[in-house]
Amino acid sequence: MTDSWKCSDAAANFSRRDFLRGSSAVAAAASLTAAAVQADAQQASGVAIVSGATGISLDVNGKTHKVSVEPRTTLLDVLRYQLDLTGAKPVSGDGSSGAATVMVDGKPLCASTLLAVACVGRKIQTVESLGGAKPDAVCLAFAEHDATQCGFCTPGFVVAVRAFLDKHPQATEAEIRSGLNGNLCRCGTYANVIQAAIAVVKGGK
Amino acid sequence: MADTQYSWPSRDDAKLLGKSITRVDSLAKSTGAAKYAYDINFPKMLIARGLGSPHAHCRIKSIDTSAAEKTPGVVHVHVLDLAKPGSEVQWQGELLAIVAGESEGAAAEGVSKIKVEYEMLDVFVTDSDLAAATEAGRTSKGGGKVQTEREPGDDDDEEEFLTKEFDRLFKESKYVVEGTYGVDAITHCCLEPHGATVRWDGKSLLAYLSTQNVSGTDEGFANDLKIAADDVEVRCDYIGGGFGSKFAPDYWGVAAAKIAQATGRPVKLMLDRDQELKIAGSRPSGYIKVKLGADKDGVVQVWDSEHWTSGGATGGGISHGVIPYVFAPKNYRRNAINVKTNLGPARAWRAPNHPQACAITQTAYDDLARQMGADSYDVFLKNLGTDDKPGVGGAKPSVYAAEMEIAAKLMDWKAKWHPHGKGQAKGSLVEGLGMAIHTWGGGANDSNCLLKIYPDGGVESFCGTQDIGVGTRTVCMIVLAETLGLPVEAVKANIGSSKYPVSGPSGGSTTVGGVSESHRRAAQDALAKLFELAGKKLEADPAALEAVGGRIRVKGDPKRSLSWKETCTLIGMRPLEVTASFKRGTPSPLSNQTVGGVQMAHVTVDKETGVIKMNKFVAVQDIGLVVNRKSAASQVYGAVIMGIAYSLFEQRITDPKSGAFLNAELRDYKLARIGDIGEIVVEFYEPDSERQRGVIGLGEPPVISPGAAISNAVCNALGVRVPVLPITPQRVLTALQKTGRA
């Protein structure tokens with residue numbers, strides 16, 4: 001299996017092997033706990049209370065970007081309005097559509113339910129990092145298997161499929177059907193998405 | 001050129017037409033590069049958010065926006081006409097005011113600070129309850145028709161005659177089925193919500209609008225803004241779903257333009273998810289009381305129904321003209337009642353009227369099979385009628401019959417069939433089969449195309465159409481490339497601007513037909529001119545030339561040829577420009593209308609939990625001539641999946657007391673997900689007899705049958721009808737309990 005995320009420069013340390021260790025649920029719970037502890041500690045010391053607009057740096061697609069955020073600013077809003085990375089889509093505020101899926105430290109997360117300030121120091125990769133001159137195998141398979149109609153759900157779905165196949169490179173059709181239920185498509189491209197994902201598994205990418 | 005004989009190449013001669021071709025823009029979509037209205041960012045752009053009415057029916061007493069205006073980051077507050085004191089709000093979510101700010105957060109905070117006083121008014125939303133609607137004075141006549149084989153005598157009182165005649169017909173029927181069926185209202189739920197990103201350049205408005213009507217919305221803006229239509233450009237390179245709900249700028253699009261005018265800054269105003277579901281379009285509900293009578297063979301001889309439907313606050317509903325659906329019994333009486341509620345108004349939803357009509361009437365035909373203990377397939381077949389007397393829509397019964405045979409083979413119907421409720425249960429699991437049939441027109445829409453062929457061989461077209469998911473760009477390019485003998489990538493199709501030649505809205509399965517007409521005509525006309533030039537050079541009769549494999553050559557003498565580029569140098573210094581038009585309804589050798597389709601579903605139902613699993617779904621569809629096999633198949637897959645959603649999951653749930661739309665978020669508004677769809681088999685029915693008719697629209701037809709097919713499969717599994725869609729687990733269990741089969 002080759003690493004098909006187009007990581008460059010700063011993101012070169014990003015490893016999918018880290019992501020593959022242990023279950024994502026456990027990892028997510030652990031990182032939440034760690035973040036909470038850190039927040040408590042910071043609050044106790046009185047140094048990390050942010051209000052109003054503040055400048056932060058975000059590591060997006062291997063580059064450091066200085067952005068201005070408020071505590072309420074979501075990662076999705078920063079990506080879309082400040083970095084003009086509009087691949088991740090605002091479909092549902094509660095994250096139940098999966099259209100805003102991006103990778104944060106190798107995990108597929110919903111950018112509309114993440115606060116930008118909580119992403120400092122984390123490696124963020126958007127669907128745009130899978131494009132470029134040599135598109136990722138998942139993007140190519142979506143095109144080949146016509147897994148887009150209106151296409152609005154597609155970028156989130158592509159990231160979800162990439163993350164799922166990184167974790168399950170030998171996924172069976174049944175696993176694909178049960179493992180990608182976090183993403184909604186209104187046009188009904190699911191049958192084609194399944195074929196695209198199967199093709200990526202067969203291609204070993 | 002009036003003397004061009006427009007035609008399509010034969011199946012054998014076609015190089016691209018009917019082949020599986022990858023969409024030219026799918027990689028742009030899958031890498032996030034495609035820009036939708038929501039994605040357009042202008043410098044200094046304001047973000048706008050709307051305040052929706054929290055109440056379904058109320059009168060505005062006062063509105064105070066002062067706190068919103070003082071909110072940091074808020075730049076402008078726009079109060080809509082509906083918020084003027086004394087105005088009556090008719091449904092929840094309707095926008096009262098719009099706040100534009102420097103960020104999403106500022107706009108949302110501003111919205112939260114608007115103070116409105118409301119006077120509450122009576123609410124009615126229970127459209128499924130006809131008695132309650134009648135009592136509340138919310139019903140109106142929706143039309144109807146009676147037809148009997150026997151005519152009343154000259155001296156007969158017509159009503160008395162009909163009463164006696166229907167009594168007689170039912171008495172003479174070997175089988176009589178009575179039932180109540182329904183399908184709840186659903187929403188369009190476009191993943192890209194309605195809205196626009198707009199900018200003024202002096203007196204001109206540039207509106208990136210999420211629309212399925214690029215060529216028709218510039219005037220909408222112009223009328224409402226009282227400016228000249230030529231001062232508006234509507235752009236829509238990509239649209240994130242429409243399904244019939246995005247034909248107009250809508251008042252919020254116009255408001256975005258007004259705010260941009262007032263502030264001198266670009267504005268983005270997209271509805272939020274809750275508003276999208278509440279106000280931006282829904283499909284009418286439909287409920288029916290049916291009594292039908294059939295002869296010993298299961299042929300329905302008499303149909304008597306009353307259905308009531310609701311298109312929300314603005315009324316409207318399902319036409320009586322499609323009842324019963326497709327089938328044409330000799331005697332029928334059908335009445336429609338419209339119910340007015342305090343819910344967001346209906347908009348055209350993919351195949352308006354048909355999916356509901358199919359779901360509430362072909363279930364009754366299936367209940368006839370159940371009562372007879374007969375195979376549903378046989379009952380459907382016997383009721384098809386003959387080609388000289390087709391039913392609703394006019395598709396040929398012989399086409400349905402042929403499609404049924406194909407579908408049955410793909411489904412392995414005979415091997416899987418068991419009489420209703422008589423299948424072998426595995427524990428609490430029972431399997432079932434069901435089918436349904438449907439029809440649609442799908443005639444080509446108006447379309448104009450400007451085609452330019454450059455002296456260097458470049459080819460591009462301009463057409464004010466749009467791609468709502470069909471793959472319109474690719475269709476245009478396939479038609480051009482096929483005609484000019486070029487590969488797809490050698491031509492370019494420009495769509496998505498109201499400044500391009502007018503093309504019809506994408507509604508009613510009319511787009512592929514329309515753009516195929518205009519592009520084929522333009523390309524054939526251009527090619528005739530090129531043949532004249534090449535003929536001189538090759539010393540050949542222009543009529544003896546053909547365009548194949550990137551060359552213009554003499555038929556039967558391929559050595560006498562010019563390359564495409566050589567030919568184009570003959571054009572001269574300036575590009576060759578050709579415009580072609582097609583007017584909807586014009587008889588044409590290139591396009592046609594009226595299709596039939598057959599679908600079959602196989603499900604497993606868990607009698608303990610009420611959960612339904614889709615095992616297999618077969619869709620056989622007549623579409624005339626296939627342009628792009630790959631995207632055409634996707635449209636059918638998508639329609640079936642949408643059908644699974646409204647059959648099993650999707651419904652607008654309302655609170656009868658407050659009128660609130662309770663599940664207007666995607667965690668609660670259940671759609672099918674990837675694990676819910678089972679195996680889907682798509683097959684086009686395309687013998688020469690149908691292919692030679694030309695291009696016919698495909699978007700609507702395959703979304704019609706799933707409701708009845710799946711309901712019938714569930715009924716076949718359980719032996720009990722779950723009468724109303726969506727067939728939720730709770731409804732399965734309720735139906736089982738009612739009949740003591742739980």
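Computed from a predicted structure; not experimentally measured.

*Asks:* If you had to explain the overall build of chain A to someone new, which residues and values would you point to?
*Replies:* Across its full length, chain A carries 7 helices and 5 strands. With 205 residues in all, chain A has 50% of them scored as buried. Within chain A, counting contacts between residues at least 6 apart in sequence, those at least 24 apart form 63% of the total.

*Asks:* Let's hear about the overall build of chain B: which residues, and what values?
*Replies:* Helices and strands together make up the secondary structure of chain B, namely 19 helices and 29 strands. For 742 residues, the compact-globule estimate of 2.2 N^0.38 gives 27 Å, and the C-alpha radius of gyration of chain B, at 28 Å, lies within 12% of that figure. The proportion of buried residues among the 742 residues of chain B is 59%.

*Asks:* Provide a residue-level description of the interface of chain B and chain A, including the pertinent values.
*Replies:* Taken together, the contact pairs 48 residues of chain B with 50 residues of chain A. Mapped by element, the contributors of at least two residues to the side of chain B that touches chain A are helix H1 (26-30), helix H3 (104-112) and helix H16 (629-648) of chain B. No other element matches H16(B), which puts 9 residues into the side of chain B that touches chain A. Across the side of chain B that touches chain A, the residue classes break down as 21 nonpolar, 15 polar and 12 charged.

*Asks:* Outline the environment of Lys529(B), supporting the account with residue identities and numerical values.
*Replies:* When you line up the elements, Lys529(B) lands in helix H14 (residues 511-538). Sequence separation between Lys529(B) and Thr734(B) is 205 residues, and the spatial gap between their C-alpha atoms is 70 Å.

*Asks:* Give me the lowdown on the packing of helix H13 (residues 472-484) of chain B against H14(B), citing residues and values where you can.
*Replies:* Packed helix pairs are specified by the crossing angle of their axes together with the interaxial distance, meaning the distance between the axes. Residue and element names in this part refer to chain B. At a closest axis distance of 9 Å, the pairing of H13 and H14 adopts a crossing angle of 30 degrees. Regarding the angle of H13 to H14, the classification is roughly parallel. As for how H13 packs across H14, the hand of that crossing is right-handed. For the pair H13 and H14, the contacting residues are Thr472, Val475, Cys476, Val479, Leu480, Thr483 and Leu484 in the first and Thr511, Val512, Val515, Ser516, His519, Arg520, Ala523, Gln524 and Leu527 in the second. The class makeup of the residues in the contact of H13 with H14 is 9 nonpolar, 6 polar and 1 charged.

*Asks:* Let's hear about the pairing of strand E24 (residues 557-563) of chain B: which residues, and what values?
*Replies:* The side chains of a regular strand alternate between the sheet's two faces. Residues and elements named next belong to chain B. Sheet topology places strand E23 (residues 551-554) next to E24; 4 bridges connect them, and they run antiparallel. In the sheet register, arginine 551 faces E24, and the bridge partner there is serine 563. Between E23 and E24, which pair antiparallel and follow one another directly, the connecting turn spans 2 residues, one of which, glycine 556, has a positive phi of 80 degrees.

*Asks:* Tell me what's going on with the domain arrangement of chain A, and back it up with residues and numbers.
*Replies:* Taken domain by domain, chain A consists of domain 1 (9-46 + 57-126) and domain 2 (130-203). Opposite the 14 residues of domain 1 of chain A that make contact, domain 2 of chain A presents 12 residues.

*Asks:* So what about the sheet that holds strand E10 (residues 195-201) of chain B? Which residues, and what values?
*Replies:* Residue and element names in this part refer to chain B. Spatially, 7 strands are ordered E3-E5-E1-E13-E10-E11-E12 in an open sheet, and the strand pairing comes out mixed. The open sheet has two edge strands with one neighbour each: strand E3 (74-79) and strand E12 (232-235). In this sheet, neighbouring strand axes are inclined to one another by 20 degrees on average, regardless of whether the strands run parallel or antiparallel. Sheet topology note: the strand E1 (residues 46-52)/strand E5 (residues 95-101) ladder contains 6 bridges and is antiparallel. Residue pairing in the sheet places alanine 48 in a bridge with alanine 100 of E5. The sheet strands contacting helix H6 (residues 214-225) are strand E11 (204-209) and E12, and the helix crosses E12 at an angle near 140 degrees.

*Asks:* Can you explain the sheet that holds strand E2 (residues 63-69) of chain A? Please cite residues and give values.
*Replies:* All names here are of chain A. As summarised here, the arrangement of the 5 strands in space is E2-E1-E5-E3-E4, forming an open sheet in which the pairing is mixed. Of all strands in the sheet, those bounded by a partner on one side alone are E2 and strand E4 (107-110). Across the sheet, the mean angle separating the axes of adjacent strands is 45 degrees when strand polarity is ignored. Relative to strand E5 (residues 123-125), strand E3 (residues 101-104) runs antiparallel, the two sharing 2 bridges. Note on E5: the bridge partner recorded for valine 104 is isoleucine 124.

*Asks:* An account of the nonpolar core is needed here, citing residue identities and associated values.
*Replies:* One finds Ala48(B), Ala256(B), Leu368(B) and Val714(B) to be the most contacted residues of the largest nonpolar core, which totals 288 residues. What Ala48(B) contacts, discounting residues up to four positions off in sequence, is Ile98(B), Val99(B), Ala100(B), Ala107(B), Ala256(B), Ile259(B), Val267(B), Lys268(B) and Leu269(B).

*Asks:* I'd like a rundown of the domain arrangement of chain B, residues and numbers included.
*Replies:* Residues and elements named next belong to chain B. Considered domain by domain, chain B is made up of domain 1 (26-32 + 444-460 + 469-484 + 503-582), domain 2 (37-121 + 194-270) and domain 3 (349-442 + 592-738). Measuring from the centre of the C-alpha atoms in domain 1 to the corresponding centre in domain 2 gives 41 Å. With 4 residues of domain 1 at the contact, the number on the domain 2 side is 7 residues. The residue inventory of the side of domain 1 that touches domain 2, partitioned by class, reads 1 nonpolar, 3 polar and no charged.

*Asks:* So what's going on with the pairing of strand E27 (residues 612-622) of chain B? Residues and values would help.
*Replies:* All names here are of chain B. The buried fraction of E27 amounts to 8 of the 11 residues, a majority that puts the element mostly inside the structure. The sheet contact formed by strand E26 (residues 595-606) and E27 spans 9 bridges and is antiparallel. Across the sheet, glycine 597 pairs through a bridge with glutamine 621, a residue of E27. In sequence, E26 turns back onto E27 through a hairpin of 5 residues, with glycine 610 there showing a positive phi of about 80 degrees. The pairing of E27 with strand E28 (residues 679-685) spans 7 bridges and is classified as parallel.

*Asks:* Describe helix H4 (residues 137-144) of chain A, with residues and values.
*Replies:* Of all 8 residues in H4(A), 7 are buried; the element is thus mostly enclosed. For H4(A), the full list of buried residues reads Ala137(A), Val138(A), Cys139(A), Leu140(A), Ala141(A), Phe142(A) and Ala143(A). Among the structural elements, helix H5 (154-167) and helix H7 (190-203) of chain A together with H1 of chain B are those in contact with the buried residues of H4(A). Following H4(A) by one or two positions, Asp146(A) adopts a phi angle in the positive range, close to 55 degrees.

*Asks:* Please give an account of the packing of H4(A) against H5(A) that cites residues and values.
*Replies:* All names here are of chain A. Two elements in contact, H4 and H5, have axes separated by 9 Å at closest approach and are oriented at 125 degrees. Regarding the angle of H4 to H5, the classification is oblique. Crossing hand, H4 versus H5: right-handed. Residue-level inspection shows Val138, Cys139 and Phe142 of H4 in contact with H5, the latter providing Thr154, Val158, Val161 and Arg162.

*Asks:* Describe in detail H6(B), supporting the description with residues and values.
*Replies:* All names here are of chain B. Taking 1.5 Å of rise per residue, the 12 residues of H6 would be expected to cover 16 Å, and the 17 Å separating its terminal C-alpha atoms lies within 8% of that figure. Residues of H6 that are buried include every one of Val214, Ser215, Thr217, Asp218, Gly220 and Phe221, and no others. Looking at the packing, one finds that the buried side of H6 touches E11, E12 and helix H7 (250-263). With its phi angle positive at about 55 degrees, lysine 226 sits one or two positions after the end of H6.

*Asks:* Before we move on, can you summarise the confidence of the model for chain A with the specific residues and values?
*Replies:* Per-residue pLDDT for chain A averages 83, and the proportion of residues at 70 or more is 76%. Between residues 1-39 of chain A, whose pLDDT stays under 50, and residues either more than four places distant or in other chains, the model counts 39 contacts.

*Asks:* An account of unusual backbone geometry is needed here, citing residue identities and associated values.
*Replies:* All names here are of chain B. Of the consecutive residues isoleucine 323 and proline 324, the connecting peptide bond is found in the cis state with omega at -15 degrees. When you line up the elements, proline 324 lands in the loop between strand E16 (300-310) and strand E17 (331-339). Look at the link from leucine 725 to proline 726: it is a cis peptide, with omega at 0 degrees. The residue proline 726 is located in the loop between strand E29 (724-725) and helix H19 (729-738) in this model. At phenylalanine 243, a position not held by glycine, the phi torsion is positive, near 60 degrees. The topology assignment puts phenylalanine 243 in the loop between E12 and H7. Positive phi outside glycine occurs at valine 326, with the angle close to 70 degrees. Inspection of the secondary structure assignment puts valine 326 in the loop between E16 and E17.

*Asks:* Break down the environment of Thr139(B) for me, citing the residues and quoting the values.
*Replies:* Residues and elements named next belong to chain B. One can find threonine 139 in strand E7 (residues 139-147). Along the chain, threonine 139 and aspartate 304 lie 165 residues apart, while their C-alpha atoms are 20 Å from each other. Those residues in contact with threonine 139, other than ones at most four positions away along the chain, are Ala133, Thr134, Ile337, Asn338 and Val339.

Calculation rules
Sequence order as written defines the numbering, with residues in each chain counted from 1. Note on labels: chains are lettered from A, ligands numbered from 1, in written order. Restriction of local features to residues with pLDDT of at least 70 applies here, the model being predicted, together with a cutoff of 80 or more for giving and counting side-chain atom pairs; totals for whole chains, interfaces and linings are based on all residues. Helix numbering and strand numbering both begin at the N terminus, where a helix is a DSSP run of H or I of at least 4 residues and a strand a DSSP run of E of at least 2. Here the C-beta atoms are placed from the backbone, and a residue counts as buried if at least 20 other C-beta atoms lie within 10 Å of its own, exposed if 12 or fewer do, and partly exposed otherwise. Throughout, a pair of residues is in contact if the C-beta atoms placed from their backbones lie within 7 Å. With C-alpha atoms as the basis for the radius of gyration, the globule rule is written as 2.2 Å multiplied by the number of residues raised to the power 0.38. Amino acid classes used here: Ala, Val, Leu, Ile, Met, Phe, Trp, Tyr, Cys and Pro are nonpolar; Asp, Glu, Lys and Arg are charged; the rest, including Gly, are polar. Fitting a line to C-alpha atoms yields each axis, with helices limited to the stretch in contact; the angle taken between N-to-C directions then spans 0 to 180 degrees. Here roughly perpendicular refers to angles of 65 to 115 degrees, roughly parallel to angles under 35, roughly antiparallel to angles over 145, and oblique to all remaining angles. Helix crossings get a hand from a simple test, with the near helix turned counterclockwise from the far one by less than a right angle marking a left-handed crossing and a clockwise turn marking a right-handed one. Two strands pair if DSSP finds at least two bridges between them. The start and end points of each domain follow an automatic or database-based domain assignment. Note on terminology: a nonpolar core is any set of buried Ala, Val, Leu, Ile, Met, Phe, Trp, Tyr and Cys residues joined through C-beta atoms within 7 Å. To estimate how far a helix should extend, the number of its residues minus one is multiplied by 1.5 Å. Per-residue confidence from the prediction method is given by pLDDT, with values spanning 0 to 100.

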